[in-house]
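Examining the three-dimensional arrangement
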Amino acid sequence: MKRLEDFSNYFQPLVLEELRRRLGGLGEIFDICSYTFSTGGKFFRPFLLSEVAAFLNKDVDFNKIFPFCLAIELIHNYSLIHDDLPSMDNADYRRGHLTVHKKFGEAEAVLAGDMLLTIAFEVLSEGKDFEERKIIKIIKKVAQYSSYRYLITGQYLDIWLQKGKVEKNVDNIRLINFYKTAGLILLSVEIPIILFDPPYSIKFSLIKYGYFLGLLFQITDDILDNDGLAKVMSVDELKSLASSIFMKIGRLSLDERLLSIAEYIYRRDK
Ligand code: GRG
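Attention in this report is confined to the structure presented alongside it. (Residues numbered from 1 in each chain as written. Predicted model: local features only at pLDDT ≥ 70, side-chain atom pairs only at ≥ 80, totals over all residues. Heavy atoms only, no water.)

Examining the packing of helix α2 (residues 28-35) against helix α6 (residues 106-124)
At a minimum axis separation of 9 Å, α2 and α6 run at an interaxial angle of 75°. Classified by the interaxial angle, the pair formed by α2 and α6 is roughly perpendicular. For the pair formed by α2 and α6, the contact residues are I29, I32 and C33 on the first element and E108, A112, M115 and L116 on the second. Across the contact of α2 with α6, the residue classes break down as six nonpolar, no polar and one charged. (Axes fitted to C-alpha atoms, helices over the stretch in contact; angles between N-to-C directions. Helix = DSSP H or I, 4+ residues; strand = E, 2+ residues; numbered from the N terminus. Parallel < 35°, antiparallel > 145°, perpendicular 65-115°, else oblique. Contact = heavy atoms within 4.5 Å. Nonpolar A, V, L, I, M, F, W, Y, C, P; charged D, E, K, R; others polar.)

Examining the site of the ligand
Around the ligand, 18 residues are found, and the nearest of them are K42, R45, H76, D83 and R95. In this structure, an oxygen atom belonging to the ligand sits 2.7 Å away from a side-chain N or O atom of R45. Alone, the ligand offers 720 Å² of accessible surface; in the complex the protein occludes 90% of this. Looking at the shell around the ligand, the elements that each hand over two or more residues are α4 (62-83), α8 (151-162), α9 (170-196) and α10 (200-225). It is α4 that provides the largest number of residues to the shell around the ligand, a total of six residues. Taken together, the residues of the shell around the ligand sort by class into five nonpolar, seven polar and six charged. (Near = heavy atom within 4 Å. Polar contact = N/O pair within 3.5 Å; in protein donor to acceptor, adjacent residues only side chain to side chain. Areas by Shrake-Rupley, 256 points an atom, 1.4 Å probe, with all protein chains shown as cover.)

Some points on the packing of α10 against helix α12 (residues 256-267)
Following both chains from N to C, one finds α10 and α12 inclined at 15°, their axes separated by 9 Å at the closest point. Classified by the interaxial angle, the pair formed by α10 and α12 is roughly parallel. Remark: the crossing between α10 and α12 carries left-handed chirality. Residue-level contacts link L206, Y209, L213, L216, F217 and T220 of α10 to L258, I261, A262, I265 and Y266 of α12. Residue composition of the contact of α10 with α12, by class: 10 nonpolar, one polar and no charged. (Left-handed = near helix turned anticlockwise from the far one by under 90°.)

This is the structure we're talking about:
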């Protein structure tokens, strides 16, 4: 998707610049913590956040929402670095490059994840262009969604599924995958809602949009990776599930730009 590619090309150097501003004086610590951002992620979550912000306020100045975009991407990368660790998924490669622990060592990777997660909260506290009460509300929501409400609970359940403590069935896998994926996707939709406070009907459609997008993202990811739901459902079943969610998104009263993001997720091949 051209708009996402343009956004990624614009956003990636900004992320590196921000990390350099904070960690540049710390030598190798900067190299370890910034490595993940030079390995070619899509930057989908900050892109989604900026598109929802533009939907709610056509004149939005990107500089004002940048701290929120950055925080989401920092948390996303922290979760991937920790997910790849030997005690979790034990992955050697991500995005076609060595994972952080393979390149720099396990302790270093744990600390890099910790660093990115905590910097995200520092960055959020710097969103000076909006009222303080909105910033506090966002910080609270980000803390909840990245921990017990979605990400970390999802990871616990996943680990227990691998260990046989949670039954491997379609419902449990759907729930786990949803938790692991939906938290940050919903946040990317909910943060601009908090910032721009649209009327209730728009808020409602957008939250449904974020929820469906989270589901769709995970289903297409499982089809692409032949993992998760693809282990317990056929590709045809998954495609028909994805198609029904995509149709539901199409019925929400949103604009063409937001619908085209759903279409990109639905049809993506990487
Ligand atoms: C807190 C350790 C810990 C884990 C939380 C998020 C998570 C749980 C684990 C990450 C691994 C995983 C399967 C996440 C599901 C979400 C997902 C599909 C991530 C990949 O997102 P993309 O495709 O990645 O946006 P890029 O590489 O483009 O940034």
